[in-house]
Amino acid sequence: MISDISNIIVGVSAVVVAVVAVFGLNSWRKEIVGKSKYDLAKRLMLLVNRLEDEFGWARFSLSESGEYLERPRPPDEPAAITPIRNEWFLRKHRIQPLKKDMLELHEANWEAQTILDEDTSKVVGDGVKRLSASLADLDTSVDYYFEAKEEEARGISTNVDSEWLAGLRKTIYGRANDDFSRQINEVVVKFDSELKKYLH
């Protein structure tokens, strides 16, 4: 009789321990998942805000001579070409941090698609596409614009449409409130608004 009671107590204790362990594991799992979502949301918000600043700097119209000192110059470079190549180099150099952070944003987007909810994943995915398109637009505008300017300085007739060239210049040299900047800011605002729910 005592051994039966003892066996029942041991059995009940084992069940209680198992139930407590399952609740503990579930609680621990929720905490880990919650922390992962928090960390990812914070990382995404920091990245898009940093990208907005980097777009602003890449498009800032003023430059300093020190920014293109690292540019390799051929000894026979014509004097008329030097300022064009200097500015071209400077603009490409300013885009480099954007490219680096955009790669990091793509990695974070992949994570977002797997651990964040469907609505948030869509906002993040759409925002990454828009920022990537803006970066590609800026990068190619720099190359097309300065290639055309160099050919013009060399006296090569290219029949380049002046409105197209003016549009490239507008993309390269921006202001905080122009259309290009507003599009970047729209993405940042959507990210911030959507991701705040993970930061509480």
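Above this note sits the structure.
Residues numbered from 1 in each chain as written. Predicted model: local features only at pLDDT ≥ 70, side-chain atom pairs only at ≥ 80, totals over all residues. Heavy atoms only, no water.

Engineer: Is there a simple way to explain the overall build of the chain in this structure?
Structural biologist: Broken down by element type, the chain carries five helices and zero strands. Counting helices and strands in the order they occur from the N terminus, the chain gives α-α-α-α-α. Out of the 200 residues belonging to the chain, those deemed buried represent 34%. Contacts spanning at least 24 positions in sequence make up 82% of the contacts within the chain whose residues lie at least 6 apart. Here the chain displays about 12,700 Å² of accessible surface, and carbon together with sulfur accounts for 59% of that area. (Helix = DSSP H or I, 4+ residues; strand = E, 2+ residues; numbered from the N terminus. Buried < 20%, exposed > 50% of the residue type's maximum accessible area, 1.4 Å probe, protein only. Contact = heavy atoms within 4.5 Å. Areas by Shrake-Rupley, 256 points an atom, 1.4 Å probe, with all protein chains shown as cover.)

Engineer: Looking at this structure, how should I read the layout of surface pockets?
Structural biologist: Rolling a probe over the atoms, with the probe sized like a water molecule, indicates the empty space that remains. Size it by volume and the largest pocket reaches roughly 190 Å³. As for the largest pocket, its lining consists of Glu52, Phe55, Gly56, Arg59, Phe60, Gly174, Arg175, Ala176, Phe180, Ser181, Ile184 and Asn185. Breaking the lining of the largest pocket down by element, the ones donating at least two residues are helix H1 (2-59) and helix H5 (179-195). (1 Å grid on protein atoms, 1.4 Å probe; cavity = no way out; pocket = protein on both sides within 12 Å on 5 of 7 lines; lining within 4 Å. Points joined across faces, edges and corners; volume = space filled by probe spheres on them.)

Engineer: Looking at this structure, how should I read the side chain of Ser134?
Structural biologist: Mapped onto the secondary structure, Ser134 falls in helix H3 (residues 118-153). Assessed through its relative accessible area of 9%, Ser134 is described here as buried. For Ser134, the contacting residues outside a window of four places in its chain are Phe55, Phe180 and Ile184.

Engineer: What is the right way to read helix H2 (residues 82-115) from this model?
Structural biologist: Given 3.6 residues per turn, any residue in an α-helix points the same way as the ones three and four places further on. Compared with the 50 Å implied by 1.5 Å per residue over 34 residues, the 50 Å span of H2 between its first and last C-alpha is a close match. Its maximal kink placed at Gln96, H2 deviates by approximately 25°, while the proline Pro97 follows within four residues. (Expected span 1.5 Å × (residues − 1). Bend = angle between axes of the 7 residues up to and from the residue.)

Engineer: Where do I start with H3 in this structure?
Structural biologist: The first and last C-alpha atoms of H3 sit 52 Å apart over 36 residues, in line with the 52 Å expected at 1.5 Å per residue. For H3, the capping residue at the N-terminal end is Asp117, with a side-chain oxygen 3.1 Å from the backbone nitrogen of Asp119. Of the residues flanking the end of H3, it is Gly155, one or two places downstream, whose phi is positive at about 85°. (Polar contact = N/O pair within 3.5 Å; in protein donor to acceptor, adjacent residues only side chain to side chain.)

Engineer: Got a minute to help me understand the pattern of salt bridges in this structure?
Structural biologist: For the structure on display, the rule yields 21 salt bridges. Ionic pairing is found between Arg71 and Glu77, a salt bridge with its closest N-O pair at 2.8 Å. Here the two residues Arg71 and Glu77 agree in accessibility, since each one is buried. Here Asp117 and Lys197 are joined by a salt bridge, their closest N and O atoms 3.0 Å apart. Residue Asp117 is located in the loop between H2 and H3, and its partner Lys197 is located in the segment after H5; the two are separated by 80 residues in the primary sequence. (Salt bridge = Lys/Arg side-chain N within 4 Å of Asp/Glu carboxyl O.)

Engineer: Hey, could you run me through the nonpolar core in this one?
Structural biologist: The tendency in soluble globular proteins is for nonpolar side chains to be buried as a group. Core analysis: the largest hydrophobic core is formed by 38 residues, its most contacted members being Leu44, Leu105, Leu131, Phe191 and Leu195. Among the elements of the structure, H1, H2, H3, helix H4 (162-172) and H5 are those that each provide at least two residues to this core. Beyond its immediate stretch of four places on either side in the chain, Phe191 contacts Leu44, Val48, Leu105, Val123, Val124, Gly127 and Val128. (Core = buried A, V, L, I, M, F, W, Y, C linked by side-chain atoms within 4.5 Å.)

Engineer: Would you take a moment to explain the side chain of Arg71 for this structure?
Structural biologist: Locating Arg71 in the fold gives a position in the loop between H1 and H2. On the basis of relative accessibility, which here comes to 8%, the residue Arg71 falls in the buried class. Within the structure, Arg71 has its side chain in polar contact with the side chain of Glu77 (distance 2.8 Å). If near-sequence neighbours (up to four positions away) are discounted, Arg71 is found in contact with Glu77, Thr82, Arg85, Asn86 and Phe89.

Engineer: Hey, could you run me through the packing of aromatic side chains in this one?
Structural biologist: Both the distance between ring centres and the angle between the ring planes are used here to describe each pair of aromatic rings. The full count for this structure, using the stated rule, is five aromatic pairs. Between the aromatic rings of Tyr144 and Trp164, the centroid separation amounts to 5.7 Å while the plane-to-plane angle is 50°, which identifies the pairing as tilted. Note that Tyr144 is positioned in helix H3 and Trp164 in helix H4, a separation of 20 residues in sequence. Taken together, the ring pairs in this structure connect Trp88, Tyr145 and Phe146 into an aromatic cluster. The side chain of Arg94 reaches across the aromatic face of Trp57, ending 3.9 Å from its centre. (Phe/Tyr/Trp six-rings, centres within 6.5 Å; stacked < 30°, edge-to-face > 60°. Lys NZ or Arg CZ within 6 Å of the ring centre and 35° of its normal.)

Note that every value here comes from positions in space, so none of it alone points to a role or purpose.
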